[in-house]
Amino acid sequence: MKITFLGTGTSHGVPVIACGCQVCTSTSSKDKRLRSSIMVSETGAGNIVVDTTPDFRYQMLRENVKHLEAVLITHSHKDHIAGMDDIRAFNYFQKRSIDIYASVFSQEIIIREFSYAFAEHKYPGVPEMNLKTIDGSPFDVNGLTILPVKVMHHQMPVLGFRFGDFTYITDANFISEEEKEKIRGSKVLVLNTLRREKHISHFTLDEAIALTRELAIPQVYFTHISHQLGLHDEVSAELPPGMALAYDGLEIEL
């Protein structure tokens, strides 16, 4: 299994428009962060993308993705679904609709935001989506079993996903004990880490480190990073063993 980090930034991305801070003006490629998304591949199930960010088109071009099997949606905030219109290219070349796995709540927002794709009389060339409902139960994509992990983003339910020994969680600041049991035993965990200061709906760096230690995951990568966290190299130097900041384009294999 290969995991590619398509983006590791928060909703603004990094650099932030009009910001002149040291992170936003950094020349390091690791301080350039598109909106958070991953691609899971080399499982025999095809390319599976988690979330279609506003940067989805560029992310697909950068990684030279020629085929897309499915999209998994964590939740329906704009920075996680805004690029969904660009699945049209895959529709055209693959001659079929793309399976979109999402909760009932997320589907309602997708249908509202992309109403033209679900109209009774569709304009030619609109994105073709096959919405598939998921909740807390395992589901299957071309023989690959995926386990949803329910987390909370302040008061909004969000889905993380476990693929075998790999678990991906973004946009969370609370995970129940029951859902933590779904994560335990993972060899690699990806966890959102917005900044150092307390936030209403995201884990801080200290909270993410504490949760990592509680779950005893051997290797953790932090994602959904804002410019407020600091420079990639400086923050990386502070992290305990087995913990690292993810960055755009990072590939890991399990």
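Look up a bit, the structure's there.
Presented here is an overview of the structure given in this document. Remember, it's a predicted structure, so these values are computed and weren't measured experimentally.

So, on to the overall build of the chain. From N to C terminus, the chain includes seven helices and 14 strands. The globule rule puts the C-alpha radius of gyration for 254 residues at 18 Å, and the 17 Å found for the chain is close to it. Dimensions along the principal axes, computed over C-alpha positions, put the chain at roughly 55 × 40 × 35 Å. Taken across its 254 residues, the chain has 55% of its residues classed as buried. For the chain, the proportion of contacts with a sequence separation of at least 24, taken over those separated by at least 6, is 63%. Roughly 11,300 Å² of accessible area belongs to the chain as shown, and the carbon and sulfur atoms make up 52% of that amount. Seen as two clouds, the 25 positive and the 32 negative side-chain charges of the chain have centres 2 Å apart.

With respect to topology, seven strands assemble into an open sheet ordered β6-β5-β4-β3-β2-β1-β14, the strand pairing being mixed. Of all the strands in the sheet, the pair left with one neighbour each is β6 (129–133) and β14 (251–253). Here the average twist between neighbouring strands, direction ignored, is 20°. As defined by bridge partners, strand β1 (residues 2–7) adjoins β14 across three bridges and the pair is classed as antiparallel.

A few words on the pattern of salt bridges. Inspection of every chain in the model, using the stated rule, returns 16 salt bridges. Between Glu 69 and Arg 96 there is a salt bridge; the shortest N-O distance is 3.4 Å. Pair noted here: Glu 69 is in the loop between α1 (56–62) and β4 (70–72) and Arg 96 is in the loop between α3 (88–94) and β5 (98–102), with a separation of 27 residues, a long-range link. Owing to a relative accessible area of 13%, Glu 69 belongs among the buried residues under this scheme. Since its relative accessible area comes to 26%, Arg 96 is described here as partly exposed. Linking Asp 165 and Lys 187 is a salt bridge whose minimum nitrogen-to-oxygen distance equals 3.6 Å. Linking Asp 165 in the loop between β9 (156–163) and β10 (166–169) with Lys 187 in the loop between α5 (177–183) and β11 (188–192), this pair joins segments that are 22 residues apart in sequence. On the basis of relative accessible area, Asp 165 is assigned to the partly exposed category, the value being 31%. One salt-bridge network, held together by shared partners, links Glu 177, Lys 180, Glu 181, Arg 184 and Glu 214.

Thresholds applied
- Residues numbered from 1 in each chain as written.
- Predicted model: local features only at pLDDT ≥ 70, side-chain atom pairs only at ≥ 80, totals over all residues.
- Heavy atoms only, no water.
- Helix = DSSP H or I, 4+ residues; strand = E, 2+ residues; numbered from the N terminus.
- Rg over C-alpha atoms; globule rule 2.2 N^0.38 Å.
- Buried < 20%, exposed > 50% of the residue type's maximum accessible area, 1.4 Å probe, protein only.
- Contact = heavy atoms within 4.5 Å.
- Areas by Shrake-Rupley, 256 points an atom, 1.4 Å probe, with all protein chains shown as cover.
- Lys, Arg positive; Asp, Glu negative; His and termini not counted.
- Charge placed at Lys NZ, Arg CZ, Asp CG, Glu CD.
- Pairing = 2+ DSSP bridges.
- Axes fitted to C-alpha atoms, helices over the stretch in contact; angles between N-to-C directions.
- Salt bridge = Lys/Arg side-chain N within 4 Å of Asp/Glu carboxyl O.

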